[in-house]
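# Working through the structure, step by step
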Amino acid sequence: MTFQEDKIEDFLEIFNRSKRLIRGFEGCRHLELLRDKSAQNIILTYSHWLSEEHLNTYRDSELFKTTWAATKALFSDKPVAFSSESVEIV
């Protein structure tokens, strides 16, 4: 997610208010906040879900809807989201 420079702290407040609720959501096994080292306004969340069904239940929840609505108002560019699956662990 690419944020307006002056909205980064606003996003961090949103994340801090919701992170324990997201992590405690049924099926969420991991939640991490990452920041680009060279562009401080590019921040991403990295999460592991027990199943796609669990993730979709979260996406349909009021928690997601309210958190996302507040977050997307802070963007300076279109967000990118994707799901991936493990191919191999070495």
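First things first, this report covers the structure right here in the doc. As the structure is a prediction and not an experimental result, all values here were calculated from the model.

The number of helices and strands found in the protein chain is 3 helices and 2 strands. Its helices and strands taken in sequence order, the protein chain reads α-β-β-α-α from the N to the C terminus. Its C-alpha atoms give the protein chain principal-axis dimensions of roughly 35 × 35 × 20 Å. Partitioning the intrachain contacts of the protein chain with sequence separation of at least 6 by distance along the chain shows that 54% fall at a separation of at least 24. Carbon and sulfur atoms make up 51% of the accessible area of the protein chain, which amounts to about 6900 Å² in all. Both charge centroids of the protein chain, one from 12 positive and one from 15 negative side chains, sit 3 Å from each other.

Mapped onto the elements of the fold, threonine 2 is located in the segment before α1 (8-23). In sequence terms threonine 2 and phenylalanine 82 are 80 residues apart; their C-alpha atoms lie 15 Å from each other. Sequence-distant contacts of threonine 2, defined by excluding residues within four places in its chain, comprise Asn41, Ile42, Phe75, Ser76 and Asp77.

Below, the discussion takes up the packing of aromatic side chains. The tally for this structure, following the rule as stated, stands at 9 aromatic pairs. Members of the aromatic cluster, each reached through a chain of ring pairs, are Phe3, Phe11, Phe15, Phe25, Trp49, Tyr58, Phe64, Trp68 and Phe75.

On the surface, a cluster of negative charge is contributed by Glu5, Asp6, Glu9, Asp10 and Glu13. Along the chain, aspartate 6 falls in the segment before α1. Overall, the relative accessible area of 60% leaves aspartate 6 in the exposed class.

This part is about α1. Helix length check: α1, at 16 residues, gives a terminal C-alpha distance of 21 Å against a target of 22 Å (1.5 Å per residue), a fit within 8%. Arginine 17 marks the point of greatest bend in α1, at about 40 degrees. Those residues of α1 not exposed but buried are Ile8, Phe11, Ile14, Phe15, Ser18 and Ile22.

A few words on helix α3 (residues 62-72). Regarding α3, the residues found buried are Leu63, Thr67 and Thr71. Down the axis of α3, the smallest arc covering the buried residues is 45 degrees, so these residues share one side. Lining the buried residues of α3 we find α1 and α2 (52-59).

What follows deals with a nonpolar patch on the surface. A contiguous nonpolar patch, built from Leu34, Leu44 and Tyr46 and spanning about 240 Å² of accessible area, is present on the exposed surface. Tracing the chain through its elements places leucine 34 in strand β1 (residues 28-35). With relative accessibility at 32%, the residue leucine 34 sits in the partly exposed group.

The rules behind these values
- Residues numbered from 1 in each chain as written.
- Predicted model: local features only at pLDDT ≥ 70, side-chain atom pairs only at ≥ 80, totals over all residues.
- Heavy atoms only, no water.
- Helix = DSSP H or I, 4+ residues; strand = E, 2+ residues; numbered from the N terminus.
- Contact = heavy atoms within 4.5 Å.
- Areas by Shrake-Rupley, 256 points an atom, 1.4 Å probe, with all protein chains shown as cover.
- Lys, Arg positive; Asp, Glu negative; His and termini not counted.
- Charge placed at Lys NZ, Arg CZ, Asp CG, Glu CD.
- Phe/Tyr/Trp six-rings, centres within 6.5 Å; stacked < 30°, edge-to-face > 60°.
- Patch = residues over 30% accessible without salt bridge, like charges linked within 9 Å, V, L, I, M, F, W, Y side chains within 5 Å.
- Salt bridge = Lys/Arg side-chain N within 4 Å of Asp/Glu carboxyl O.
- Buried < 20%, exposed > 50% of the residue type's maximum accessible area, 1.4 Å probe, protein only.
- Expected span 1.5 Å × (residues − 1).
- Bend = angle between axes of the 7 residues up to and from the residue.
- Arc of directions from axis to C-beta.

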